[in-house]
2 protein chains.
Amino acid sequence: MELLEEHILSYGKVYPGNILKVDSFLNHCLDINLLTKLGGEFYRLFGDCGVTKILTIESSGIALACTAAPFFDVPVLFAKKHRTLNLSPEVYTTEVDSFTHGCTYTVAVSKNYLLEGDRVLIIDDFLAKGNALIGLIDLCRQAGAETVGAGIAIEKAFQGGGDRLRETGLRIESLAMIDSMSDDGTIIFRH
Amino acid sequence: MELLEEHILSYGKVYPGNILKVDSFLNHCLDINLLTKLGGEFYRLFGDCGVTKILTIESSGIALACTAAPFFDVPVLFAKKHRTLNLSPEVYTTEVDSFTHGCTYTVAVSKNYLLEGDRVLIIDDFLAKGNALIGLIDLCRQAGAETVGAGIAIEKAFQGGGDRLRETGLRIESLAMIDSMSDDGTIIFRH
C-alpha cells in the first residue's frame, strides 16, 4: 500500500539490529487518519470472508484493530500478555517469545469471547519472525475458531516469519513488506 | 450516559474487593459500536476545547482513545508502562502505582510527540484512585502541554480519586459514575 510505504520512508527510522521505528504514526503516536485508511484496506482485502471477530495482541495491535473493526462491524478481542503462568482456568493461553523484548510471555484470551465457530481475522502492526501470530493462531485453534487470515501493517519479510506461515496455507496480507533495511536508512520494499 | 450504564448493569460483573469486570465490552472484548458512541460523547463534551492531542495509557485506554480521535481529528499518544527506570533520555517519565496490579510502573512518553503548547485531552477506561491520571497530567506538565480535561468511561467515584482531582480545578467528565457496588452485584450510579 503506497500510502503506508510513503509514511515509512518519510517518518520511519532504521536502527542497528534490524529495528524499524515507526512510533511517530503507528505504535506510540498514532496517526488516526492513516490508521483508518489501513483499516479500510483490510476490509477491502478480507471484507468477503465472513469475519465475526478481530483478534489482536496488546498493546500496539489494539489501535489498528479498532480502526479496522467499524468496517467489519465486529468486536475486537485483544490477547493479554502476562509474565506468569498462574492464570485463571477461564482463559486459553499460549507462549510467545518476544523478539523486541527478549523474553517469553504467556498470552491469554478469555474462553468467553473466543468461540467455536468464530471466523477470526488477526490484525497486528508488525510481522517479523511470526511468533505473536503463531501464538494467536494457536489460541484460535484451542477455541475451535477458524483463522480466516492475518492483516499486518508492516512485514519485515527478510525475517522470514510471514513466508513460513504462508507455506502452511495461512492467508497473510501485509500492507507494506520490507525486503531489506540498511543501517544507512535505505529500505527496499517487496511488491 | 445511559447507554453505558445499561451496559454496565447488563454485562458488568462485581467481584469482591471492589472489582468491576467489564471485559465483555470495554477492556478485553471491545464492543466497537459502543466505543464509537462513547468517543462521540467525549467530542460533545470537549469538542470546543481546541484539543490538539489525545493522551492515554496502555493497554485498555488505547481502544477508547482511538474511537474518540476521529471526532477530534487529532493524533493519539499512548504512554507506555515499563518496569525499569533505565529509559532513554528522550522520554518524559513518571511513576504510577497500579491498584489493579499491585505494583509501581514507570510510565513514559517520547519528548518528540508530547509538545509544549499541546492542548491535551486525557482519555482512559477507568478512574478509581486517580493514580494513572495524575501520572499523565505530570507528563503533560513536564512537556509544557496543557491538560484541558479528562474523559473517562467508568469512574469508581467511591474511591475518591476523581473528586480529589476535580478540587484541583481539573475538568473530568466520566460517562458513568459509580457511587457504590456490593458483592451481590448491586451498582448505584451518581447522577
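Residues numbered from 1 in each chain as written. Chains lettered and ligands numbered in written order. Predicted model: local features only at pLDDT ≥ 70, side-chain atom pairs only at ≥ 80, totals over all residues. Heavy atoms only, no water.

Trainee: It is not clear to me how the relation of the copies chain A and chain B should be interpreted in this structure. Could you clarify?
Mentor: Overlaying chain A with chain B gives an RMSD of 0.0 Å, the required rotation being 180° about an axis along which the chain moves by 0.0 Å. The operation mapping one copy onto its partner corresponds to a two-fold rotation axis. Among all C-alpha atoms of chain A, that of Ser-59 of chain A lies closest to the rotation axis, at 2.7 Å. A high fraction, 100%, of the interface residues of chain A reappear at the interface in chain B, so the copies pair face to face through one surface. (Least-squares fit on C-alpha atoms with pLDDT ≥ 70 in both. Contact = heavy atoms within 4.5 Å.)

Trainee: Sorry, what's going on with the packing of aromatic side chains here?
Mentor: Aromatic ring pairs are defined here through the distance separating the ring centres and the angle between the ring planes. Taken as a whole and judged by the stated rule, the model has six aromatic pairs over all chains. Pairwise contacts between aromatic rings join Tyr-43, Phe-71 and Phe-72 of chain A into one cluster. Note that Lys-81 of chain B overlies the ring of Tyr-105 of chain B, its terminal NZ or CZ placed 5.2 Å from the centroid. Here the basic side chain of Arg-171 of chain B rests over the ring of Phe-46 of chain B, its NZ or CZ set 4.4 Å away from the ring centre. (Phe/Tyr/Trp six-rings, centres within 6.5 Å; stacked < 30°, edge-to-face > 60°. Lys NZ or Arg CZ within 6 Å of the ring centre and 35° of its normal.)

Trainee: What exactly am I supposed to notice about helix H1 (residues 2-11) of chain B here?
Mentor: Because each turn of an α-helix spans 3.6 residues, side chains separated by three or four positions in sequence point in the same direction. All names here are of chain B. Regarding H1, the residues found buried are Leu-4, Glu-5, His-7 and Ile-8. Projection of H1 onto a plane perpendicular to its axis shows the buried side chains occupying an angular sector of 160°, all on one side. Summarising the geometry of H1, the exposed residues directed more than 90 degrees from the buried face are Glu-2, Leu-9 and Ser-10. Contact partners of the buried residues in H1: strand S2 (19-21), helix H2 (32-46), strand S9 (146-156), strand S10 (172-181) and strand S11 (187-189). (Buried < 20%, exposed > 50% of the residue type's maximum accessible area, 1.4 Å probe, protein only. Helix = DSSP H or I, 4+ residues; strand = E, 2+ residues; numbered from the N terminus. Arc of directions from axis to C-beta.)

Trainee: Please explain the environment of Arg-164 of chain B as it appears in this structure.
Mentor: All names here are of chain B. Within the secondary structure, Arg-164 sits in helix H5 (residues 161-167). Separated by 34 residues in the primary sequence, Arg-164 and Gly-130 have C-alpha atoms spaced 8.5 Å apart. In contact with Arg-164, not counting residues within four places along its chain, are Lys-129 and Gln-159.

Trainee: Hey, could you run me through the interface of chain A and chain B in this one?
Mentor: One frequently used descriptor of interface size is the decrease in accessible area upon assembly of the parts. Taken together, the contacts link 26 residues of chain A with 26 residues of chain B. Both sides together, the interface formed by chain A and chain B hides about 2,400 Å², and carbon and sulfur atoms give 63% of it. Broken down residue by residue, the surface that chain A buries against chain B is led by His-28, Ile-32 and Tyr-113 of chain A, which jointly contribute 27%. For the pair chain A and chain B, the number of links is zero salt bridges. (Buried area = accessible area lost by both parts, 1.4 Å probe. Salt bridge = Lys/Arg side-chain N within 4 Å of Asp/Glu carboxyl O.)

Trainee: Would you take a moment to explain the packing of H2 of chain B against helix H3 (residues 61-72) of chain B for this structure?
Mentor: Angle between the axes and distance between the axes: these two values describe a pair of packed helices. Residue and element names in this part refer to chain B. Across the interface, H2 lies against H3 with an axial gap of 8 Å and an inter-helix angle of 50°. With respect to their mutual orientation, H2 and H3 come out oblique. Between H2 and H3 lies a crossing whose hand is right-handed. On the side of H2, the interface is formed by Ile-32, Leu-35, Thr-36, Leu-38, Gly-39, Gly-40, Phe-42, Tyr-43 and Phe-46, while H3 contributes Ala-63, Leu-64, Thr-67, Ala-68, Phe-71 and Phe-72. Here the contact of H2 with H3 is composed, by residue class, of 11 nonpolar, four polar and no charged. (Axes fitted to C-alpha atoms, helices over the stretch in contact; angles between N-to-C directions. Parallel < 35°, antiparallel > 145°, perpendicular 65-115°, else oblique. Left-handed = near helix turned anticlockwise from the far one by under 90°. Nonpolar A, V, L, I, M, F, W, Y, C, P; charged D, E, K, R; others polar.)

Trainee: How should the side chain of Ser-59 of chain B be read in this particular structure?
Mentor: Within the fold, Ser-59 of chain B resides in the loop between strand S4 (53-57) and H3. Among the residues examined, Ser-59 of chain B registers a relative accessible area of 10% and is labelled buried. Side-chain polar atoms of Ser-59 of chain B contact the side chain of Glu-58 of chain A, separated by 2.8 Å. Polar contacts involving the side chain of Ser-59 of chain B include one to the side chain of Ser-59 of chain A, which spans 2.8 Å. Not counting residues within four places of it along the chain, the set of residues in contact with Ser-59 of chain B comprises Glu-58, Ser-59, Ile-62 and Phe-78 of chain A together with Lys-81 of chain B. (Polar contact = N/O pair within 3.5 Å; in protein donor to acceptor, adjacent residues only side chain to side chain.)

Trainee: How should I be thinking about the pattern of salt bridges in this particular structure?
Mentor: Close approach of charged atoms allows side chains of opposite charge to pair. For the structure on display, the rule yields 20 salt bridges over all chains. The partner of Asp-138 of chain B in a salt bridge is Arg-141 of chain B, and the shortest N-O contact between them spans 2.6 Å. Taken together, the positions of Asp-138 of chain B and Arg-141 of chain B, both in helix H4 (residues 131-143) and three residues apart, correspond to about one turn of that helix. Of the charged contacts, one joins Arg-190 of chain B and Asp-163 of chain B as a salt bridge, the two residues approaching to 3.3 Å between their closest N and O atoms. Of the two residues, Arg-190 of chain B sits in the segment after S11 while Asp-163 of chain B sits in helix H5, which places them 27 residues apart along the sequence. Connected through salt bridges with shared partners, the residues Glu-155, Asp-163, Arg-166, Asp-179 and Arg-190 of chain A form a single ionic network.

Trainee: Any chance you could explain the environment of Met-177 of chain A here in plain terms?
Mentor: Residues and elements named next belong to chain A. Its place among the elements puts Met-177 in strand S10 (residues 172-181). Of the residues examined, Met-177 reaches a relative accessible area of 14% and is grouped as buried. Separated by 24 residues in sequence, Met-177 and Ala-153 have C-alpha atoms that sit 8.5 Å apart. If sequence neighbours within four positions are ignored, Met-177 has contacts with Glu-155, Ala-157, Arg-166, Ile-188, Phe-189 and Arg-190.

Trainee: What's the story with the side chain of Thr-56 of chain A in this structure? I'm lost.
Mentor: Residue and element names in this part refer to chain A. Its location among the elements puts Thr-56 in strand S4 (residues 53-57). On the accessibility criterion, Thr-56 (0% relative accessible area) is buried. From its side chain, Thr-56 meets the backbone oxygen of Gly-61 in a polar contact 3.4 Å long. Beyond its immediate stretch of four places on either side in the chain, Thr-56 contacts Gly-61, Ile-62, Ala-65, Val-76, Leu-77, Phe-78, Ala-79, Ile-123, Asp-124 and Leu-136.

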